[in-house]
Amino acid sequence: QKEVEQNSGPLSVPEGAIASLNCTYSDRGSQSFFWYRQYSGKSPELIMFIYSNGDKEDGRFTAQLNKASQYVSLLIRDSQPSDSATYLCAVNSATNKLIFGTGTLLAVQP
Amino acid sequence: ETGVTQTPRHLVMGMTNKKSLKCEQHLGHNAMYWYKQSAKKPLELMFVYSLEERVENNSVPSRFSPECPNSSHLFLHLHTLQPEDSALYLCASSQDSWHVGGGETQYFGPGTRLLVL
């Protein structure tokens, strides 16, 4: 089992819709969770981090964490074509290493 | 601009060449990292430096040699590379590394796109 799993996509959503990106992790001791956005040919850029169960909102982005289910998600409201990118989930494991998933490619259709 | 710069942005080298990648962070961070990103694979951690001391070497072949002369600069020296080493090499920094209880929020540089012929 991969330590951090994401569906590679592409996830295609129409402009204005909600995009839902999901991530599962294997280490129950994980404490910190991050979402990075990576445009094609560019480096990863931190969007959000979340530590506690529940939702955390920042503008059009909402991160959701459920430690019991070992599941973290990122919702993007009112999706724009400029949101089209690969979204990387990263988990700070119990040994404190930051482990990345392979990323989900999001395509927002105008 | 993330405060982490890398040069060169693109590099083409032969298998017998020697080259170096440079990273500089302007964020006052104590930890710096080298990652390799290949197509369809997760980011692979290569090396971690905390206060100029190497604290992690993730089973990286010796043809990759890191150097951290101070907490703001990190180099990756390359020699006798193989075509499968072609990838995007990313530098990152964080306030502290996980070895001292930090390492949570890492900021990435733009990367060096390396092609080995």
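Note that the structure is a prediction, hence the values are computed from the model and not measured.

Draft legend 1. Inspection of the overall build of chain B at higher detail. The number of helices and strands found in chain B is 0 helices and 11 strands. When the helices and strands of chain B are read in sequence order from the N terminus, they spell out β-β-β-β-β-β-β-β-β-β-β. Considering only intrachain contacts with a sequence separation of at least 6, the fraction spanning at least 24 residues in chain B is 56%. For chain B, the exposed area adds up to about 5,400 Å²; of that, 50% sits on carbon and sulfur atoms. In chain B, the 10 positive side-chain charges and the 11 negative ones have mean positions that sit 12 Å from each other.

Draft legend 2. Examining the state of the cysteines more closely. All names here are of chain A. Scanning the model with the defined rule gives 2 disulfides over all chains in all. Bridging Cys23 to Cys89, the disulfide has an S-S length of 2.1 Å. Between Cys23 and Cys89 the sulfur-sulfur dihedral comes to about -75°; the bridge is accordingly left-handed. Here the residue Cys23 occupies a position in strand E3 (residues 19-25), and Cys89 occupies one in strand E9 (residues 85-92), the gap between them amounting to 66 residues. Assessed through its relative accessible area of 1%, Cys23 is described here as buried. Assessed through its relative accessible area of 0%, Cys89 is described here as buried.

Draft legend 3. Geometry of the interface of chain A and chain B. Contacts between the two partners involve 20 residues from chain A and, on the opposite side, 19 residues from chain B. Contact between chain A and chain B buries roughly 1,500 Å² in total, counting both sides, with carbon and sulfur atoms accounting for 54%. In this structure, the connection of chain A to chain B is made through 0 salt bridges. Applying the counting criterion to the chain A and chain B interface returns 3 residue pairs in polar contact (both at pLDDT 80 or more). Each residue belonging to the side of chain A that touches chain B can be placed in one class, and the counts come to 9 nonpolar, 9 polar and 2 charged.

Draft legend 4. Focus on the sheet that holds strand E8 (residues 73-79) of chain B. Residues and elements named next belong to chain B. Overall, antiparallel pairing links the 4 strands, which are arranged E1-E3-E8-E7 in an open sheet. Two strands close off the open sheet at either side, each with one partner strand: strand E1 (4-7) and strand E7 (64-70). Strand-to-strand twist of the sheet, defined as the mean angle between neighbouring strand axes without regard to direction, takes the value 20°. For strand E3 (residues 18-25) and E8, the ladder comprises 7 bridges, and the chain directions are antiparallel. Residue Lys19 lies in a different strand from E8, and its bridge partner there is Leu78.

Parameters at a glance
- Each chain carries its own residue numbering, running from 1 in the written order of its sequence.
- Here chains are named by letter from A upward and ligands by number from 1 upward, in the order in which they appear as written.
- Thresholds applied to this predicted model are a pLDDT of at least 70 for local features of residues and 80 or more for the giving and counting of side-chain atom pairs; totals over whole chains, interfaces and linings are not thresholded and use all residues.
- The basis for every side-chain value is the complete set of non-hydrogen atoms in the structure, without hydrogens or water.
- Runs of H or I in DSSP of at least four residues are treated as helices and runs of E of at least two as strands, each being numbered from the N terminus.
- Working rule for contacts: check all heavy atoms of both residues, and any pair within 4.5 Å makes them a contact.
- To be clear on the numbers: accessible area is Shrake-Rupley with a 1.4 Å probe, and residue cover counts the displayed protein chains and nothing else.
- In this charge count, Lys and Arg are treated as positive and Asp and Glu as negative; neither His nor the chain ends contribute.
- Charge placement uses NZ in Lys and CZ in Arg. For Asp and Glu, CG and CD serve respectively.
- Any pair of cysteine sulfurs within 2.5 Å is marked as a disulfide.
- Buried, partly exposed and exposed residues are distinguished by accessible area as a fraction of the type maximum, computed with a 1.4 Å probe on protein chains only: under 20%, between the cut-offs, and over 50%, respectively.
- By definition, the buried area sums, over both parts, the 1.4 Å-probe accessible area that each loses when the two are put together.
- For this document, the term salt bridge refers to a Lys or Arg side-chain nitrogen within 4 Å of an Asp or Glu carboxyl oxygen.
- In protein, a polar contact means a hydrogen-donor-capable atom and an acceptor-capable atom, both N or O and within 3.5 Å, with residues adjacent in sequence counting only if both atoms are side-chain atoms; elsewhere, any N or O pair within 3.5 Å suffices.
- Throughout, the ten residues Ala, Val, Leu, Ile, Met, Phe, Trp, Tyr, Cys and Pro are labelled nonpolar, Asp, Glu, Lys and Arg are labelled charged, and all others, Gly among them, are labelled polar.
- Each pair of strands is called paired provided DSSP finds at least two bridges between the two strands.
- The axes are straight lines fitted to the C-alpha atoms, using for helices just the contacting stretch, and the angles between their N-to-C directions are given from 0 to 180°.

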